[in-house]
Amino acid sequence: QVPFVESGGGLVQPGGSLRLSCAASGSRFSITDIAWYRQAPGKQRDKVAIITSGGTTNYVDFVKGRFTISRDNAKKMVYLEMNSLKPEDTAVYYCNTRFYTASWGRGTQVTVSS
């Protein structure tokens, strides 16, 4: 398991931007595919973005063109740049492995509201 600590969330108006950070630990980080997940009130936790160990990315349709996932293996960090935010993006955001095999962190709250 690789532990994660999420940060960077906050309150933003529709159309605004936020950059989330995920600090990871573990010797296998560089060979692990990482994903960002989010869970809104009353909703299941869904995967929104993936970045493989080789840097390949993929996104759920709703965030394509608006979100960008990246990683810095030297720093054991994963980032999620979110632009053109919508109220529907409001959720607690988590990072984990691609197959959520690590323990869940506390996540970071993103609230998009006018």
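Structure's up top.
Heads up: these notes are all about the structure in this document. (Residues numbered from 1 in each chain as written. Predicted model: local features only at pLDDT ≥ 70, side-chain atom pairs only at ≥ 80, totals over all residues. Heavy atoms only, no water.)

**Notes on the overall build of the chain**
Here is step 1 of the chain: Along the chain, the regular secondary structure elements total zero helices and 10 strands.
Here is step 2 of the chain: Secondary structure of the chain in N-to-C order comes out as β-β-β-β-β-β-β-β-β-β.
Here is step 3 of the chain: For 114 residues, the compact-globule estimate of 2.2 N^0.38 gives 13 Å, and the C-alpha radius of gyration of the chain, at 13 Å, lies within 12% of that figure.
Here is step 4 of the chain: Once the C-alpha set of the chain is aligned to its principal axes, its extents read approximately 40 × 25 × 20 Å.
Here is step 5 of the chain: Out of the 114 residues in the chain, the part that is buried amounts to 40%.
Here is step 6 of the chain: Pairs at least 24 apart in sequence give 54% of the contacts found in the chain among residues at least 6 apart.
Here is step 7 of the chain: Here the chain contributes 14 positive and 8 negative side-chain charges, whose respective centroids are spaced 4 Å apart. (Helix = DSSP H or I, 4+ residues; strand = E, 2+ residues; numbered from the N terminus. Rg over C-alpha atoms; globule rule 2.2 N^0.38 Å. Buried < 20%, exposed > 50% of the residue type's maximum accessible area, 1.4 Å probe, protein only. Contact = heavy atoms within 4.5 Å. Lys, Arg positive; Asp, Glu negative; His and termini not counted. Charge placed at Lys NZ, Arg CZ, Asp CG, Glu CD.)

**Considering the packing of aromatic side chains**
By convention here, two paired aromatic rings are described through the distance between centres and the angle between planes.
Here is step 1 of the chain: Counted by the stated rule, this structure contains four aromatic pairs.
Here is step 2 of the chain: Ring centres 6.2 Å apart and planes at 75° place the aromatic pair Y37 and Y100 in the edge-to-face group. Of this pair, Y37 sits in strand 4 (residues 34–39) while Y100 sits in the loop between strand 9 (91–97) and strand 10 (108–112); the two residues are 63 residues apart in sequence, bridging distant segments of the chain.
Here is step 3 of the chain: Among the residues examined, Y37 registers a relative accessible area of 3% and is labelled buried.
Here is step 4 of the chain: Here Y94 and W104 contribute two aromatic rings whose centre-to-centre distance is 5.7 Å and whose plane-to-plane angle is 75°, an arrangement assigned as edge-to-face. Separated by 10 residues along the polypeptide, Y94 in strand 9 and W104 in the loop between strand 9 and strand 10 bring together distant segments of the chain.
Here is step 5 of the chain: We classify Y94 as buried; its relative accessible area is 11%.
Here is step 6 of the chain: Aromatic ring contacts, followed pair by pair, group Y37, Y94, Y100 and W104 into a single cluster.
Here is step 7 of the chain: The residue whose ring lies beneath R45 is W104, and the NZ or CZ to ring-centre distance is 3.7 Å. (Phe/Tyr/Trp six-rings, centres within 6.5 Å; stacked < 30°, edge-to-face > 60°. Lys NZ or Arg CZ within 6 Å of the ring centre and 35° of its normal.)

**Thoughts on the sheet that holds strand 3 (residues 18–24)**
Here is step 1 of the chain: Pairing is antiparallel in the open sheet, where four strands are placed in the order 1-3-8-7. The open sheet terminates on both sides in strands that have one partner only, identified here as strand 1 (4–7) and strand 7 (67–72). Recorded for the sheet is a direction-independent mean angle of 15° between the axes of neighbouring strands.
Here is step 2 of the chain: Alignment of strand 3 against strand 8 (residues 77–82), held across six bridges, turns out to be antiparallel. Looking at the pairing, L20 lines up with L80 of strand 8. (Pairing = 2+ DSSP bridges. Axes fitted to C-alpha atoms, helices over the stretch in contact; angles between N-to-C directions.)

**Some thoughts on the side chain of T32**
Here is step 1 of the chain: With respect to the helices, strands and loops of the structure, T32 is situated in the loop between strand 3 and strand 4.
Here is step 2 of the chain: The class of T32 is buried, set by a relative accessible area of 16%.
Here is step 3 of the chain: Beyond its immediate chain neighbours, meaning those up to four positions away, T32 contacts S53, R71 and T97.

**Regarding the layout of surface pockets**
Here is step 1 of the chain: Within this model, the second largest pocket holds a volume of roughly 180 Å³.
Here is step 2 of the chain: Contributing to the lining of the second largest pocket are R38, A40, K43, Q44, D46, K47, V48, V60, F62, E88, T90 and A91.
Here is step 3 of the chain: Considering each element in turn, the lining of the second largest pocket owes the most residues, three residues, to strand 5 (residues 46–51).
Here is step 4 of the chain: Its residues assigned to classes, the lining of the second largest pocket shows five nonpolar, two polar and five charged. (1 Å grid on protein atoms, 1.4 Å probe; cavity = no way out; pocket = protein on both sides within 12 Å on 5 of 7 lines; lining within 4 Å. Points joined across faces, edges and corners; volume = space filled by probe spheres on them. Nonpolar A, V, L, I, M, F, W, Y, C, P; charged D, E, K, R; others polar.)

In short, the description is geometric, and any link to function would need to be established separately.
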